[in-house]
Amino acid sequence: MSVGQRRATLKDLYNEPGKAELIGGRIVHYMATGYRPSRVASRIFLSLHDYAEQTGVGEAFTDSLGFAVKELTSGRESFSPDATYYKGELPKNPMWFIEGPPTFAVEVRSEYDNETEMGDKRVDYFEAGTEVVWDVDTEAEVIHKYLRSDASKRITFSRGQTADAEPAVPGWTVDVDWIFS
């Protein structure tokens, strides 16, 4: 922020058009994604939605939902993942963000996303309390799973395999080939 610039708040974020997150007192806008990342995120959401409906536990959300968190070490105060699963209390006002982190967050890489940005955001997710984060690489067609309990360990799911989000989404699995088809 420049000298004299007012620090943005969650209230300011509510009034922003499009996808954005609050980081370090600044509203950070995100570009719309292309066809491939959007399709991949949609398939993951659909599978999570079906799981939530069948089990009656938690809810799945698309990338337009905001999660408000207490300010993290990085300065981040919100997330808007590409797909999420959440087990927790919903806001009293259904027009508001969810207070707290997603249980499971999915970040689908677009053409220009890089490992440093993805790693920094993963650190933020885990500091906030997210149990599992997927880093979905649409070009390599792999899913990297990271656990809060062992954030340095990466589990990779490739075509021909079934991916999971244990322990955040117990019993849920999805075919990697279907995600990338």
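Look a little higher up for the structure.
What you see is a predicted model, and the numbers here were worked out from it, not measured in a lab. (Residues numbered from 1 in each chain as written. Predicted model: local features only at pLDDT ≥ 70, side-chain atom pairs only at ≥ 80, totals over all residues. Heavy atoms only, no water.)

K.L.:
Please explain the overall build of the protein chain as it appears in this structure.
P.N.:
Assigned secondary structure in the protein chain consists of four helices and 13 strands. Computed over C-alpha atoms, the radius of gyration of the protein chain comes to 16 Å, within 12% of the 16 Å expected from 2.2 N^0.38 for 181 residues, which places it in the range of a compact globule. Considering only contacts in the protein chain between residues 6 or more positions apart, those separated by 24 or more positions represent 52%. Carbon and sulfur atoms form 51% of the exposed surface of the protein chain, whose accessible area is close to 9,500 Å². In the protein chain, which carries 20 positive and 30 negative side-chain charges, the distance between the mean positions of the two groups comes to 2 Å. (Helix = DSSP H or I, 4+ residues; strand = E, 2+ residues; numbered from the N terminus. Rg over C-alpha atoms; globule rule 2.2 N^0.38 Å. Contact = heavy atoms within 4.5 Å. Areas by Shrake-Rupley, 256 points an atom, 1.4 Å probe, with all protein chains shown as cover. Lys, Arg positive; Asp, Glu negative; His and termini not counted. Charge placed at Lys NZ, Arg CZ, Asp CG, Glu CD.)

K.L.:
What should I look at first to understand the sheet that holds strand E4 (residues 67-68) in this one?
P.N.:
Hydrogen bonds between backbone groups are what pair the strands of a sheet, and the pairing can be parallel or antiparallel. If you trace the three strands from one edge of the open sheet to the other, you get E5-E4-E7, paired in mixed fashion. Edge positions in the open sheet fall to strand E5 (78-79) and strand E7 (98-99), since each of these has one partner strand only. Direction of pairing for E4 relative to E5: antiparallel, over a ladder of two bridges. The residue of E5 that forms the bridge with Ala68 is Ser78. (Pairing = 2+ DSSP bridges.)

K.L.:
Got a minute to help me understand unusual backbone geometry in this structure?
P.N.:
Excluding glycine, residues mostly have negative phi values, and the peptide bonds linking residues are mostly trans. With an omega of 0°, the peptide bond between Glu166 and Pro167 qualifies as cis. By the element assignment, Pro167 lies in the loop between strand E12 (162-164) and strand E13 (173-175). Phi is positive for Glu141, which is not a glycine, with a value near 55°. Tracing the sequence through the fold places Glu141 in the loop between strand E9 (132-137) and strand E10 (142-147).

K.L.:
Would you mind going over the packing of aromatic side chains with me for this structure?
P.N.:
Aromatic ring pairs are described here by two measures, namely the spacing of the ring centres and the angle between the planes. Scanning the model with the defined rule gives seven aromatic pairs in all. Consider the rings of Tyr14 and Phe97, whose centres lie 4.0 Å apart with planes at 10°: the pair is stacked. On the criterion of sequence distance, the pair formed by Tyr14 in helix H1 (residues 10-14) and Phe97 in the loop between strand E6 (83-86) and E7 is long-range, its members being 83 residues apart. For Tyr14, a relative accessible area of 34% translates into the label partly exposed. Residue Phe97 is classed as buried on the basis of its relative accessible area of 14%. (Phe/Tyr/Trp six-rings, centres within 6.5 Å; stacked < 30°, edge-to-face > 60°. Buried < 20%, exposed > 50% of the residue type's maximum accessible area, 1.4 Å probe, protein only.)

K.L.:
Help me understand the pattern of salt bridges, please; the structure alone is not making it clear to me.
P.N.:
Any two side chains of opposite charge can pair, given that their charged atoms come close. Throughout the structure, instances matching the rule amount to 17 salt bridges. Glu115 is the partner of Arg122 in a salt bridge, and the nearest nitrogen-oxygen pair spans 3.2 Å. Between Asp164 and Lys145 there is a salt bridge whose closest N-O contact spans 2.5 Å. Of the two residues, Asp164 is situated in strand E12 and Lys145 in strand E10; the sequence distance between them amounts to 19 residues. Taking relative accessible area as the criterion, Asp164 reaches 18% and is therefore assigned buried. A single network of salt bridges, built from pairs that share partners, joins Glu21, Arg76, Glu107, Lys121 and Asp124. (Salt bridge = Lys/Arg side-chain N within 4 Å of Asp/Glu carboxyl O.)

K.L.:
Sorry if this is basic, but what is going on with the sheet that holds E6 here?
P.N.:
If you trace the six strands from one edge of the open sheet to the other, you get E3-E6-E8-E9-E10-E11, paired in mixed fashion. Since the sheet does not close on itself, it has two edges, and those belong to strand E3 (59-62) and strand E11 (150-158), each with one partner. Averaged over all pairs of adjacent strands, the angle between strand axes in this sheet comes to 15°, irrespective of strand direction. Where E9 and E10 come together, six bridges link them in antiparallel fashion. Bridging from a neighbouring strand, Asp135 pairs with His144 of E10. Against the sheet, helix H3 (residues 115-128) contacts strand E8 (104-108), E9, E10 and E11, and its axis sits at roughly 165° relative to E9. (Axes fitted to C-alpha atoms, helices over the stretch in contact; angles between N-to-C directions.)

Without other data, these values stay purely geometric and don't point to any function.
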